[in-house]
Amino acid sequence: MNPQGVQREASEGTSNRKRFRRLRLLTVLLVLAVYVIGLVLNTGLGSLSAFGVGSIAAMCPVGALETMIAGRIVLPVPLIAIAVAVAAAVFFGRAFCSWVCPVPLTRKLVTNKSERDAFAADRKKSGSFAKAFLRQRQWPGLGRNETTALGVLGVTLATTLAFGFPVFCLVCPIGLVFATLFAVVRLIAFNELVIDVLVFPTLIVLELVVLRKWCATLCPVGGLLGLFSRLNKTWLPAVDGEKCLVTSAGASCDACHAACNSDIDLVGNRGTGQLHDCTKCHACADHCDARDFFPLAEAERRKGG
Amino acid sequence: MAAEGSGAGADACRDDAGAPGARRGETGGPLAISRRGLFAAAGVSASLLVLGGTAALAGHEQQVRPPGGQDVRGLLAGCNHCGRCVSVCHTRAIGFASLTEGLIGVRTPVMRFSLGSCDFCGDCATVCPTGALRPFDVAAAQAGDVSAACLGKAVLDERICLAWTFSSCNLCSEKCPYGAIELSETGQPVVLEAACNGCGVCENVCPVLSLRSYIGGSDRAIRVLPSTEEG
């Protein structure tokens, strides 16, 4: 399948392909370990919902919005947290999703269906693409996966306003992962036996099995980051038209698209994900048959000439 | 839950999967959301509405909260379950409320005096990023000023208190840092409510559960119960 004659040593190719996946696993586990250690050592570190030292803390931007709306009050730490999250989205896009968030890893542990499998199944079922239900009524500039994610974000904020407490935080899979970890720590440390230690993981499993395309199409945190990752210009995957099997040789290759958990089709733009939804996971480059991709950082060098 | 949707039916613009180039009927602009995606989002939204309504309407038992958290509505509104207060408490007295203690308050901070007592160091309020635990006057609280911080009031259960049934214990009175438990003429402890700030030392040291383990249950003879007024 290499008409260009691009050959790779099989072993080198395999280890290179897995390198980024292993790195991502490492960073996610490291993040979890740091928070668990922070709890055990009484450092006051926190969780991804809010973490910091002393009175200085960063927060999940959705949680920050929810708590301010629920309390009908503007607060300094949440406000700064939102600004920091926006800046992170501008500089790193949705890299949080692949490199920090424990949900993708948790999904791998609880189900054998990955998000990209769910997208692939959709493609098979309805021809090339799902029938567009609101095709005529789409909002300008918004389309595809982020529409539903922003809808969930909207309902999240609306229910918080209506009921006076952060509703979504009760069932957020990120929060539930930490809640499970903390409950297990307290079970071991204090013999604190509560039903929560069973309920939380059950809820996570239910959510990630039923809502298989959570990350790309439903997660309000991802949706919020996606609003500002439009401004992100660094580490964007780019296709070299001369090497791509599709553009240069007319082959029907879909490897990068099939590998993408956000359903981004870089070549034909037929996926339900868009470029700013990219979580910088590097899977597209890792799976390219022609290895025509620039590693994400190199795309920058190329543009700079 | 979210309906995965019946098959979306034959797409009139069907073309070969994987074929490059233009699709019939597509101008290259972004697609609108799919029916399946809409159902999933609607399902999640409906669930949030039901969850919020249920939690808000269902009553919840008053719990003993960390200092600065006596405004329960403010605490429930502001708490995003980050766990910083639980983590920072050096006496390990703060824990997470369980699901069984009320849906709306699950994972919010509550005092667990069986594990430790409160010394009003103020760290929990300092680390709270949303003000769910409000800062309070640490020095005044540690000096015993009940108006600076009061987690609740100690309440004695005379039916199981060792002193009240066998005149054989005065640990709570002895250990109370604020002199809020005095002994009657016959040597039984009595709580002076005005002086009690709910620090939980009495509950923490009460030996009833070990010396009367045959009676079962998890309530000690003296417990801090939440006050209903805002602190």
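Residues numbered from 1 in each chain as written. Chains lettered and ligands numbered in written order. Predicted model: local features only at pLDDT ≥ 70, side-chain atom pairs only at ≥ 80, totals over all residues. Heavy atoms only, no water.

1. Quick word on the overall build of chain A
Then step 1. The helix and strand tally for chain A stands at 16 helices and 3 strands.
Then step 2. When burial is assessed residue by residue, chain A has 50% of its 305 residues classed as buried.
Then step 3. Put simply, 74% of the contacts in chain A that link residues at least 6 apart link residues at least 24 apart.
Then step 4. Of the roughly 13900 Å² of accessible surface on chain A, 66% is carried by carbon and sulfur atoms. (Helix = DSSP H or I, 4+ residues; strand = E, 2+ residues; numbered from the N terminus. Buried < 20%, exposed > 50% of the residue type's maximum accessible area, 1.4 Å probe, protein only. Contact = heavy atoms within 4.5 Å. Areas by Shrake-Rupley, 256 points an atom, 1.4 Å probe, with all protein chains shown as cover.)

2. Some words on the packing of helix α2 (residues 61-71) of chain A against helix α7 (residues 145-163) of chain A
All names here are of chain A.
Then step 1. Where α2 contacts α7, the two axes come as close as 8 Å, and the packing angle between them is 30°. It follows that α2 is roughly parallel to α7 by the angle criterion. Both α2 and α7 take part in a crossing whose hand is right-handed. Touching Val62, Leu65, Glu66, Ile69 and Ala70 of α2 are Leu153, Thr156, Leu157, Thr160 and Leu161, all from α7.
Then step 2. Taken together, the residues of the contact of α2 with α7 break down into 7 nonpolar, 2 polar and 1 charged. (Axes fitted to C-alpha atoms, helices over the stretch in contact; angles between N-to-C directions. Parallel < 35°, antiparallel > 145°, perpendicular 65-115°, else oblique. Left-handed = near helix turned anticlockwise from the far one by under 90°. Nonpolar A, V, L, I, M, F, W, Y, C, P; charged D, E, K, R; others polar.)

3. Overview of empty space enclosed by the protein
Then step 1. If you walk through the whole model with that rule in mind, you get 14 cavities of 30 Å³ or more.
Then step 2. Looking at the second largest cavity, its volume works out to about 160 Å³.
Then step 3. Ala179, Ala183 and Phe200 of chain A together with Phe96 and Arg107 of chain B are the residues nearest the centre of the second largest cavity, which is lined by 18 residues in total.
Then step 4. For the lining of the second largest cavity, the elements supplying multiple residues, two or more each, are α9 (173-190) and α10 (196-210) of chain A.
Then step 5. With 7 residues, the top contributor of residues to the lining of the second largest cavity is α9 of chain A.
Then step 6. Partitioning the lining of the second largest cavity into residue classes produces 9 nonpolar, 5 polar and 4 charged. (1 Å grid on protein atoms, 1.4 Å probe; cavity = no way out; pocket = protein on both sides within 12 Å on 5 of 7 lines; lining within 4 Å. Points joined across faces, edges and corners; volume = space filled by probe spheres on them.)

4. Here's the deal with the sheet that holds strand β2 (residues 50-53) of chain A
Residue and element names in this part refer to chain A.
Then step 1. In space, the 3 strands of this open sheet follow the order β1-β2-β3, with antiparallel pairing throughout. Two strands bound the open sheet, and with one partner strand each, they are β1 (46-47) and β3 (56-59).
Then step 2. Judged from the 2 bridges that link them, β1 and β2 form a sheet pairing that is antiparallel. Opposite Ser47, over in β2, you have Ala50 as the bridge partner. (Pairing = 2+ DSSP bridges.)

5. As for a positive patch on the surface
Residues and elements named next belong to chain A.
Then step 1. A cluster of basic residues, Lys18, Arg21, Arg22 and Lys108, forms a positive patch at the surface.
Then step 2. Take the positive patch: its biggest share by element is 3 residues, from helix α1 (residues 10-40).
Then step 3. Among the structural elements, Lys108 can be located in helix α5 (residues 103-110). (Patch = residues over 30% accessible without salt bridge, like charges linked within 9 Å, V, L, I, M, F, W, Y side chains within 5 Å. Salt bridge = Lys/Arg side-chain N within 4 Å of Asp/Glu carboxyl O. Lys, Arg positive; Asp, Glu negative; His and termini not counted. Charge placed at Lys NZ, Arg CZ, Asp CG, Glu CD.)

6. Comments concerning unusual backbone geometry
Residues and elements named next belong to chain A.
Then step 1. Phi at Asn42 takes a positive value of approximately 55°, unusual for a residue other than glycine.
Then step 2. Relative to the assigned elements, Asn42 resides in the loop between α1 and β1.
Then step 3. We note that Asn269 has phi near 55°; this positive angle belongs to a residue other than glycine.
Then step 4. If you trace the backbone, Asn269 turns up in the loop between α14 (255-259) and α15 (283-287).

7. Re the environment of Gly68 of chain B
Residue and element names in this part refer to chain B.
Then step 1. Tracing the backbone shows Gly68 in the loop between α1 (35-57) and α2 (72-78).
Then step 2. By relative accessible area, which is 18% here, Gly68 ends up buried.
Then step 3. C-alpha of Gly68 to C-alpha of Ser167: the two residues are 99 residues apart in sequence and 37 Å apart in space.
Then step 4. When residues no more than four places from it in sequence are discounted, the contact partners of Gly68 are Ala132, Leu133, Arg134 and Phe136.

8. Here we look at the packing of aromatic side chains
Then step 1. Summed over the entire model, instances satisfying the criterion amount to 7 aromatic pairs over all chains.
Then step 2. Where Phe182 of chain A meets Phe96 of chain B, the ring centres are 5.9 Å apart and the plane angle is 15°; that geometry is what we call stacked. Here the residue Phe182 of chain A occupies a position in helix α9, and Phe96 of chain B occupies one in strand β1 (residues 94-96), the pair thus bridging two chains.
Then step 3. Here Phe182 of chain A falls in the buried class, since its relative accessible area comes to 3%.
Then step 4. Arranged with centres 6.4 Å apart and planes meeting at 70°, the rings of Phe120 of chain B and Tyr178 of chain B form a pair that is edge-to-face. Taken together, the positions of Phe120 of chain B in the loop between β2 (109-111) and α4 (123-127) and Tyr178 of chain B in the loop between α7 (171-175) and β4 (181-183) put the pair 58 residues apart, joining distant regions of the chain. This pair shows no difference in class: Phe120 of chain B is buried, exactly as Tyr178 of chain B is.
Then step 5. By the ring-pair criterion, three or more aromatic residues cluster together here, those being Tyr35, Phe51, Phe178 and Phe182 of chain A together with Phe96 of chain B. (Phe/Tyr/Trp six-rings, centres within 6.5 Å; stacked < 30°, edge-to-face > 60°.)

9. Some words on α9 of chain A
Residues and elements named next belong to chain A.
Then step 1. With 18 residues, α9 extends 25 Å between its outermost C-alpha atoms, agreeing within 8% with the 26 Å of an ideal straight helix rising 1.5 Å per residue.
Then step 2. Among the residues of α9, those classed as buried are Pro173, Ile174, Gly175, Leu176, Val177, Phe178, Ala179, Thr180, Phe182, Ala183, Val185 and Arg186.
Then step 3. Downstream of α9 by one or two residues, Asn191 has phi in the positive range, about 55°. (Expected span 1.5 Å × (residues − 1).)

10. Some thoughts on the nonpolar core
Then step 1. Grouped together as the largest cluster of nonpolar side chains are 92 residues, with contacts concentrated most on Ile174, Trp214 and Leu218 of chain A together with Met111, Phe120 and Ile222 of chain B.
Then step 2. Ranked by residue count, the leading element in this core is α9 of chain A, at 7 residues.
Then step 3. The contact partners of Trp214 of chain A, leaving out residues within four places of it in the chain, are Val103, Arg107, Glu115, Phe168, Pro173, Leu208, Cys219 and Pro220 of chain A together with Val44 of chain B.
Then step 4. Among the nonpolar cores identified, the runner-up in size contains 10 residues, and Met68, Leu75, Ala81 and Ile82 of chain A belong to it. (Core = buried A, V, L, I, M, F, W, Y, C linked by side-chain atoms within 4.5 Å.)

11. Points about the side chain of Asp196 of chain A
Then step 1. For Asp196 of chain A, the position within the fold is in helix α10.
Then step 2. Among buried charged residues, Asp196 of chain A stands out as having no salt bridge; its nearest opposite-charge side chain is Arg112 of chain B, 7.1 Å away.
Then step 3. Setting aside residues up to four positions removed in sequence, Asp196 of chain A forms contacts with Pro201 of chain A together with Ala97, Ser98, Leu99 and Val106 of chain B.

12. Concerning the side chain of Thr160 of chain A
Then step 1. Among the structural elements, Thr160 of chain A can be located in helix α7.
Then step 2. With near-sequence residues (within four places) excluded, Thr160 of chain A lies in contact with Glu66, Ile69, Ala70, Arg72, Phe165, Pro166 and Val167 of chain A.

13. A short note on the environment of Ser229 of chain A
Residue and element names in this part refer to chain A.
Then step 1. Within the secondary structure layout, Ser229 lies in helix α12 (residues 220-229).
Then step 2. With 17 residues separating them in the primary sequence, Ser229 and Val246 have C-alpha atoms 28 Å apart.
Then step 3. With sequence-adjacent residues up to four places away left out, Ser229 is seen in contact with Ala89, Gly93, Arg94 and His276.

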